[in-house]
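Chain residues, written in single-letter form:
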Amino acid sequence: MPGMNLDRMSFGAIGGVVRRTPIQIYVYNGQTVDADGIAVASYATPLSTTAQVQLTSRQTLKHIEGIDLTCIYKDFRIQSSTLTGLNRNLQVGGDYILMNGLYYRIVALPENFTTNWIWVVGCESTSLESS
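Residues numbered from 1 in each chain as written. Predicted model: local features only at pLDDT ≥ 70, side-chain atom pairs only at ≥ 80, totals over all residues. Heavy atoms only, no water.

**Quick notes on unusual backbone geometry**
Backbone geometry follows two general trends: most residues other than glycine have a negative phi, and most peptide bonds adopt the trans configuration.
Okay, so step 1: Of note in this structure, Asn 100 is not a glycine but carries a positive phi near 50°.
Okay, so step 2: Tracing the backbone through its elements, the reader meets Asn 100 in the loop between strand E8 (96-99) and strand E9 (102-112). (Helix = DSSP H or I, 4+ residues; strand = E, 2+ residues; numbered from the N terminus.)

**Some details on the pattern of salt bridges**
Okay, so step 1: This model, assessed by the stated rule, comprises 1 salt bridge.
Okay, so step 2: Arg 77 is the salt-bridge partner of Asp 75, the closest N and O atoms lying 4.0 Å from each other. (Salt bridge = Lys/Arg side-chain N within 4 Å of Asp/Glu carboxyl O.)

**Focus: the packing of aromatic side chains**
Okay, so step 1: For the structure shown, the criterion picks out 4 aromatic pairs.
Okay, so step 2: Ring centres of Tyr 28 and Tyr 43 lie 6.0 Å apart, and the angle between their planes is 75°; this geometry places the pair in the edge-to-face category. With Tyr 28 in strand E2 (residues 28-33) and Tyr 43 in strand E3 (residues 39-43), the pair connects residues that are 15 residues apart, well separated along the chain. By the burial criterion, Tyr 28 is buried, and Tyr 43 matches it. (Phe/Tyr/Trp six-rings, centres within 6.5 Å; stacked < 30°, edge-to-face > 60°. Buried < 20%, exposed > 50% of the residue type's maximum accessible area, 1.4 Å probe, protein only.)

**Quick notes on the nonpolar core**
A general tendency of soluble globular proteins is for nonpolar side chains to be buried together.
Okay, so step 1: With 12 residues, the main nonpolar core is built from Ile 23, Ile 25, Ala 51, Val 53, Phe 76, Ile 78, Ile 97, Met 99, Tyr 104, Ile 106, Ile 118 and Val 120.
Okay, so step 2: Elements that contribute at least two residues to this core include exactly strand E1 (20-26), strand E4 (47-55), strand E5 (73-78), E8, E9 and strand E10 (118-125).
Okay, so step 3: Sequence-distant contacts of Phe 76, defined by excluding residues within four places in its chain, comprise Ile 23, Ala 51, Gln 52, Val 53, Ile 97, Met 99, Tyr 104, Ile 118, Trp 119, Val 120 and Gly 122.
Okay, so step 4: With 7 residues, the next largest nonpolar core counts Tyr 26, Ala 41, Tyr 43 and Leu 98 among its residues. (Core = buried A, V, L, I, M, F, W, Y, C linked by side-chain atoms within 4.5 Å. Contact = heavy atoms within 4.5 Å.)

**As for the state of the cysteines**
Linking two cysteines covalently through their sulfur atoms gives a disulfide.
Okay, so step 1: All told, the structure shown has 1 disulfide when counted by the stated rule.
Okay, so step 2: The disulfide bridge from Cys 71 ends at Cys 123, spanning 1.9 Å between sulfur atoms. A torsion of 135° about the S-S bond marks the disulfide between Cys 71 and Cys 123 as right-handed. One end of the pair, Cys 71, is in the loop between helix H2 (58-61) and E5; the other, Cys 123, is in strand E10, and 52 residues separate them in sequence. The residues Cys 71 and Cys 123 share a single accessibility class, namely buried. (Disulfide = S-S within 2.5 Å.)

**What about the side chain of Ser 125?**
Okay, so step 1: Within the fold, Ser 125 resides in strand E10.
Okay, so step 2: Using a relative accessible area of 12% as the deciding quantity, one classes Ser 125 as buried.
Okay, so step 3: Among the polar contacts made by the side chain of Ser 125, one reaches the main-chain carbonyl oxygen of Ser 127 at a distance of 3.0 Å.
Okay, so step 4: Excluding its chain neighbours within four sequence positions, the residues that come into contact with Ser 125 are Tyr 96, Leu 102 and Tyr 103. (Polar contact = N/O pair within 3.5 Å; in protein donor to acceptor, adjacent residues only side chain to side chain.)

**A word on the pairing of E3**
Okay, so step 1: Where E2 meets E3, 5 bridges bridge the pair, whose relative direction is antiparallel. Counterpart to Tyr 28 in the pairing with E3 is Tyr 43.
Okay, so step 2: Remark: 5 residues form the turn of the hairpin made by E2 and E3, two consecutive strands paired antiparallel; Gly 37 in that turn has positive phi of roughly 80°. (Pairing = 2+ DSSP bridges.)

**A few points about the environment of Cys 123**
Okay, so step 1: The class of Cys 123 is buried, set by a relative accessible area of 5%.
Okay, so step 2: In this structure the C-alpha to C-alpha distance between Cys 123 and Ala 108, which are 15 residues apart in sequence, comes to 9.3 Å.
Okay, so step 3: Contacts of Cys 123, omitting those with residues within four sequence positions, involve Cys 71, Ile 72, Tyr 73, Tyr 103, Tyr 104, Arg 105 and Val 107.

**Here we look at the side chain of Asp 75**
Okay, so step 1: Topologically, Asp 75 is positioned in strand E5.
Okay, so step 2: Side chain to side chain, Asp 75 and Thr 56 meet in a polar contact 2.8 Å long.
Okay, so step 3: A distance of 3.4 Å separates polar atoms of two side chains, one belonging to Asp 75 and the other to Trp 119.
Okay, so step 4: Dropping the residues within four chain positions of it, Asp 75 is found in contact with Gln 52, Val 53, Gln 54, Leu 55, Thr 56, Ser 57, Trp 119, Val 120 and Val 121.

Set out below in structure tokens:
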């Protein structure tokens, strides 16, 4: 039985304050090793969508393991359920979000609802990097 999509239900109330921003999602597709023995990540064709974007709260940052204090973190609430972020146990190198010319490596997945919306935390960078 499908559940309620709280993101869709609440957008009317908060959409005027936190507007949807166009983004592209780069889903990790595996890696290869180049001639120098360096692992090179590859990504599927980017998916274009929108997200509600905010700076990540201090409370959320407290729960991110191995936090990089020099990074800017943002919360993305997206109508999707395919993002994974970094998971070394499953050999998944991490997904990225491209917004306004900057990449955000997904470092946390605080909420993954089964109703086709997800909340991820991204760490800002200027390029796709292998994890």
